[in-house]
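Chains, contacts and geometry: an overview
Each chain is listed here by its residues.
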Amino acid sequence: MSEDNKSLDLAGLGQVAKAIPPEVYTQTTSTVLNTFDKLVAPITETTDGLGRYIKQKFDNMVEVEKAVATYTLENAVQKAKNKSVRLNKPLVAPCHNKSFVKTIEESSKETDPILHEMWENLLAEQLVDNAFHPHFVEILSHFSPREAWLLMKLRTKDQVTDHKGGYISYDEDSFTHWLSNGSSADLQPWNYSCTLLDEFRFVGLLAPDKNKYSESTVILYLTVAGQEFLKSVSP
C-alpha cells in the first residue's frame, strides 16, 4: 500500500467519499419536502425555535440545494445513529444552532465528493457530540478540495521519522517546497493551501536535513488541532 493510501485510510475519507447520486437531483419537490420535514422533526422537538429557523433557511434555498441538503441530512442522521450505537450514547440536539444550520446550508452547495463527505460527517458529529466546536464549520467553509487532500496526506508529529529535529522560525514566504517526511519522494511545491492550513494551526513545521534540502524546504506535520478537525469531518 502506498503512503498516500495509508494516509487516506487514517482519515477515512478518501476511501468512502462518493459523488452525489444523479437521482438526488431528479426528486420531486413534494418528496424532498416530506423527507426533510421527517428528518428535522425529531432533531428539533426539544429545541425551542430551531425547527422554525431551519425551515425558514430551507425555504430560501433553490430547488437543487433543497434536494442536496435533504440527501446530506438523511445520510448524516443515519451516521449519527450508527455512531450513537457504537458509543452507547444517545443522540443529542445540536448545541450550536447557528452552526448546525450553516452546516446544512454549506453542504447543500457542495458537490465535490471529499468536501461533501466532510460536511456530511460534520453534520452527524453535531447530533452525537456536545463537545463539537462551531469553529470547524467556519474553517471548512474556506476549504477547497486541495486543502482537504493535503491535510489527509500529512503525518502526525510522532510519525515524522526523518527530520533534523528543529522547529522552523523563519518567514513562510521563503518556503518553496514541503515534505510529509524527510524523503524526496514526497517533495511538493509550497502553495497557498499550505499557508491556509498553517494559519488555521492545523499543520506544524519541522526542519528537514539541511544536508539534503535547502532552507526553503520544510516538513509539514498534522497538529493536535488538525487531528481534532479531521476527527470531526471523518466517518
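Residues numbered from 1 in each chain as written. Predicted model: local features only at pLDDT ≥ 70, side-chain atom pairs only at ≥ 80, totals over all residues. Heavy atoms only, no water.

1. Quick word on the pattern of salt bridges
Rules: We define a salt bridge as a side-chain nitrogen of Lys or Arg found within 4 Å of a carboxyl oxygen belonging to Asp or Glu. Secondary structure follows DSSP: runs of H or I at least 4 residues long count as helices, runs of E at least 2 residues long count as strands, and numbering of each begins at the N terminus. Classification of residues uses two cut-offs on accessible area relative to the type maximum, computed with a 1.4 Å probe and protein chains only: under 20% is buried, over 50% is exposed, and between them is partly exposed.
The final tally for this structure, using the stated rule, is 8 salt bridges. Salt-bridge contacts for Lys55 lead to Asp59; the nearest nitrogen and oxygen are separated by 2.9 Å. Taken together, the residues span about one helical turn, with Lys55 and Asp59 both in helix H3 (residues 50-59) at a distance of 4 residues. When its relative accessible area of 30% is taken as the criterion, Lys55 is described as partly exposed. Residue Asp59 is classed as partly exposed on the basis of its relative accessible area, which comes to 40%.

2. Looking at the packing of H3 against helix H5 (residues 97-109)
Definition in use: Every axis in this analysis is a line fitted to C-alpha atoms, fitted for helices over the stretch in contact. Angles between the N-to-C directions lie between 0 and 180 degrees. Any angle from 65 to 115 degrees is called roughly perpendicular, while one under 35 is roughly parallel, one over 145 is roughly antiparallel, and all others are oblique. Definitions for this section: a left-handed crossing has its near helix turned counterclockwise from the far helix by less than a right angle. A right-handed crossing has that turn clockwise. Contacts are residue-level and defined by heavy atoms, with any inter-residue pair within 4.5 Å sufficient. Polarity classes work like this: nonpolar for Ala, Val, Leu, Ile, Met, Phe, Trp, Tyr, Cys and Pro, charged for Asp, Glu, Lys and Arg, and polar for all others, with Gly in that last group.
Contact pair H3 / H5: the axes reach a minimum separation of 10 Å and the direction vectors enclose 25°. In this view, H3 runs roughly parallel relative to H5, as classed from their interaxial angle. As H3 packs across H5, the resulting crossing turns out to be right-handed. Residues Leu50, Tyr53, Ile54 and Lys57 of H3 touch H5, and the partners they reach there are Asn97, Lys98, Phe100, Val101, Ile104 and Glu105. In terms of residue class, the contact of H3 with H5 is made up of 6 nonpolar, 1 polar and 3 charged.

3. Let's talk about the nonpolar core
Nonpolar side chains in soluble globular proteins tend to end up buried together. As a reminder of what qualifies: Here the nonpolar core consists of buried residues drawn from Ala, Val, Leu, Ile, Met, Phe, Trp, Tyr and Cys, with membership extended through side-chain atoms lying within 4.5 Å.
Judged by nonpolar contacts, the single largest core of 34 residues is most densely connected at Leu140, Phe143, Leu151, Phe202, Leu220 and Phe229. When residues of this core are traced back to their parent elements, those giving at least two are helix H6 (113-125), helix H7 (135-140), helix H8 (145-153), helix H9 (192-199), strand E3 (203-206), strand E4 (217-222) and helix H10 (224-233). Of the residues forming this core, the biggest block, 5 residues, is contributed by H6. Non-local contacts of Phe143, meaning those with residues more than four positions away in its chain, are made with Leu115, Ala148, Leu151, Leu197, Phe200, Phe202 and Phe229. Of all hydrophobic cores here, the second largest spans 26 residues; its members include Val24, Ala69, Ala80 and Phe100.

4. Describing the sheet that holds E3
Our working rule: Only strands joined by at least two bridges in the DSSP assignment are considered to pair.
Sheet architecture is open: 4 strands sit in the order E2-E1-E4-E3, paired in mixed fashion. The outermost strands of the open sheet, each flanked by one partner alone, are strand E2 (188-189) and E3.

5. Concerning H10
Threshold: An arc is given here, and it is the one of the directions from the helix axis to the C-beta atoms.
Residues Gly226, Phe229, Leu230, Ser232 and Val233 constitute the buried set of H10. One side of H10 holds all its buried residues, which, seen down the axis, span an arc of 160°. For H10, exposure combined with an orientation more than 90 degrees from the buried face picks out Val224 and Lys231. Each element contacted by the buried residues of H10 is listed here: H6, H7, H8 and E4.

6. Overview of unusual backbone geometry
Backbone geometry places Asn88, a non-glycine residue, at a positive phi of 55°. Counting through the fold element by element, Asn88 comes out in the loop between helix H4 (63-87) and H5. Classification of Asn88 as exposed rests on a relative accessible area of 71%. Of note in the backbone geometry, Arg201 takes a positive phi value of approximately 65° without being a glycine. One can find Arg201 in the loop between H9 and E3. The class for Arg201 is exposed, based on a relative accessible area of 55%.

7. What to know about the confidence of the model for the protein chain
To be explicit about the condition: In predicted models, pLDDT denotes the confidence assigned by the predictor to each residue on a 0 to 100 scale.
On average, residues of the protein chain score 86 in pLDDT, and 91% of them reach the 70 mark or higher. Segment residues 1-10 is flagged for pLDDT under 50; beyond a separation of four residues in sequence, or across chains, it makes 14 contacts in the model.

8. Topic: the packing of H8 against H9
With their axes 9 Å apart at the nearest point, H8 and H9 run at an angle of 70° to one another. Considering the angle they form, H8 stands roughly perpendicular to H9. Contacts between H8 and H9 involve Arg146, Glu147, Leu150 and Leu151 from the former and Ser193, Cys194, Leu196 and Leu197 from the latter. Considered class by class, the residues forming the contact of H8 with H9 number 5 nonpolar, 1 polar and 2 charged.

9. Regarding the environment of Thr217
Its location among the elements puts Thr217 in strand E4. The spacing of Thr217 and Ala207 is 10 residues in sequence and 7.9 Å in space, taken between C-alpha atoms.

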